[in-house]
Amino acid sequence: MARMAGRRTLFAAPVLLVVTFGVFAIAALSPFDPVKAYAGTAGLTASQARLDQLRVNLGADQPLVARWWDWLTSALTGDFGTSAVMRQPVADVIGERLGWSVLLAASAFAVAVLLGTALGVLAARRQGGLLDRAVTSLAYILEAAPAFWLGLLAIWFFSVHLGVLPAGGLTDAGSDVVGFGQVAPHLVLPALVLGISQFPWFHLYVRQGVADALEEDPVRGARARGLAERGVLLGHALRSGMLPMLTLVGSRVPELITGALLVETVFSWPGIAAATVQAATSVDFPLLAALTVLATAAVLAGNLLSDLLYGLADPRVGFDG
């Protein structure tokens, strides 16, 4: 396990280098001017000399490779630079927002896995039944539904129509207390929406995996030995049927990140979505590079986690092969 994790870590380093350089290259080709974005409305009346001086101060006058190398060498020491659009260190920008994004993503992931597994097992137990047809049809519908559309629908139904849950934000308007009692009700809708947007894949994988496992000889043997149906289902079929689902852990991370950005925007959740949008539209090189590295690292970590979980669940899979 340690050897595989070490190999993946070494492989991640050049990937992150290429990704960061790609960010700076794409930003350099962008029609947006970071100096004008930084200056804001003052840039409309500023003289060319002041804009040129501002360009020098921001380092935007340097060649592409020089800008990238300066940022990279500083990032290796923990200094990710200063966000031009946020007017504060990049580390502070990410630190203030990352925790809330992780909370939302983790809550949504738990909803997707638990709901997908439970309904997948029940559907596989009686294939073709009413529950199987209803839930599987719903899964195919949700698979094609954009996360932001589900968010708007949830706000209309639960916040506007029923009035039982807040429509957005982290706390109630006017409240200066950020505690569990304030955050929990505001987390429910965005976590449910993001989790339900990821639910179809987990449900379909578990359903098919458990259904196939129920037809395998070990499960038939367990039934022939007189084991209770619940024990056969949970002790044998579920473990075997969960193996294909474990591969989803890594592959769904990019979709989870993208969905989280959309859901955060819809529900005004104070995560990294707003910072990502502003960094992209304002060509904020340091912030954009740091956020891209963070997302890439999350994808690589998700892929590694799925491989480790698969290997732990199935001893026949070798870690060092």
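Look above for the structure.
Residues numbered from 1 in each chain as written. Predicted model: local features only at pLDDT ≥ 70, side-chain atom pairs only at ≥ 80, totals over all residues. Heavy atoms only, no water.

## So, the overall build of the protein chain
When its secondary structure is counted, the protein chain shows 14 helices and two strands. Residue burial in the protein chain is summarised as follows: out of 321 residues, 38% are buried. A separation threshold of at least 6 residues defines the contact pool for the protein chain, and within that pool the share at least 24 residues apart is 74%. Approximately 17,000 Å² of the protein chain is accessible, and the part contributed by carbon and sulfur atoms is 67%. (Helix = DSSP H or I, 4+ residues; strand = E, 2+ residues; numbered from the N terminus. Buried < 20%, exposed > 50% of the residue type's maximum accessible area, 1.4 Å probe, protein only. Contact = heavy atoms within 4.5 Å. Areas by Shrake-Rupley, 256 points an atom, 1.4 Å probe, with all protein chains shown as cover.)

## Some words on helix α5 (residues 90–125)
An α-helix turns once every 3.6 residues. As a result, residues three or four positions apart point the same way. The end-to-end C-alpha distance of α5, which contains 36 residues, comes to 51 Å, matching closely the 52 Å that a straight helix rising 1.5 Å per residue would cover. At Arg97, α5 shows its maximal bend, which comes to roughly 35 degrees. (Expected span 1.5 Å × (residues − 1). Bend = angle between axes of the 7 residues up to and from the residue.)

## Remarks on the nonpolar core
By size, the foremost hydrophobic cluster in this structure holds 25 residues, and its most contacted members are Leu104, Val193, Leu194, Val263, Phe267 and Trp269. Among the elements of the structure, α5, α6 (130–143), α7 (147–161), α8 (180–214) and α12 (253–267) are those that each provide at least two residues to this core. If one sorts the elements of this core by residue count, α8 sits on top with eight residues. Setting aside residues up to four positions removed in sequence, Trp269 forms contacts with Trp100, Ser101, Leu103, Leu104, Gly169, Leu170, Val183, His186, Leu187, Pro190 and Glu264. Counting residues in each nonpolar core, the second largest holds 22 residues, with Ala75, Ile272, Ala275 and Val293 among its members. (Core = buried A, V, L, I, M, F, W, Y, C linked by side-chain atoms within 4.5 Å.)

## Some details on the packing of aromatic side chains
The geometry of two aromatic rings is summed up by the distance between their centres and the angle between their planes. Evaluation of the coordinates by the stated rule reveals seven aromatic pairs. For the pair Phe157 and Phe158, a centre-to-centre distance of 5.0 Å together with 90 degrees between the ring planes defines the contact as edge-to-face. Residue Phe157 is classed as partly exposed on the basis of its relative accessible area, which comes to 33%. Counting every residue linked through ring pairs, the aromatic cluster contains Phe21, Trp68 and Trp69. (Phe/Tyr/Trp six-rings, centres within 6.5 Å; stacked < 30°, edge-to-face > 60°.)

## Remarks on the side chain of Ser159
Structurally, Ser159 can be placed in helix α7. A distance of 2.8 Å separates the side chain of Ser159 from the backbone oxygen of Leu165, its partner in a polar contact. Apart from residues lying up to four places away in sequence, Ser159 is in contact with Ala154, Leu165, Pro166, Ala167 and Leu189. (Polar contact = N/O pair within 3.5 Å; in protein donor to acceptor, adjacent residues only side chain to side chain.)

## Here's the deal with α8
Across its 35 residues, α8 extends only 43 Å between first and last C-alpha, which sits more than 12% below the 51 Å expected from 1.5 Å per residue. Phe199 marks where α8 bends most, by close to 40 degrees; the proline Pro200 follows one to four residues later.

## Let's talk about the environment of Ala91
Within the fold, Ala91 resides in helix α5. Residue Ala91 is classed as partly exposed on the basis of its relative accessible area of 40%. Separated by 13 residues in the primary sequence, Ala91 and Gly78 place their C-alpha atoms 8.3 Å from one another.

## Some details on the pattern of salt bridges
A pair can form between side chains of opposite charge whenever their charged atoms are brought close. In this structure the tally under the stated criterion is two salt bridges. Measuring nitrogen to oxygen at the nearest pair gives 3.4 Å for the salt bridge that ties Arg97 to Glu96. The partner of Asp132 in a salt bridge is Arg207, and the shortest N-O contact between them spans 2.7 Å. On the criterion of sequence distance, the pair formed by Asp132 in helix α6 and Arg207 in helix α8 is long-range, its members being 75 residues apart. (Salt bridge = Lys/Arg side-chain N within 4 Å of Asp/Glu carboxyl O.)

## A short note on the packing of α8 against α12
Between α8 and α12, whose axes approach to 10 Å, the crossing angle comes to 145 degrees. Crossing hand, α8 versus α12: right-handed. Here Leu189, Pro190, Val193, Leu194 and Gln198 of α8 come into contact with α12, specifically with Glu255, Leu256, Gly259, Ala260, Val263 and Phe267. Tallied by class, residues from the contact of α8 with α12 come to eight nonpolar, two polar and one charged. (Axes fitted to C-alpha atoms, helices over the stretch in contact; angles between N-to-C directions. Left-handed = near helix turned anticlockwise from the far one by under 90°. Nonpolar A, V, L, I, M, F, W, Y, C, P; charged D, E, K, R; others polar.)

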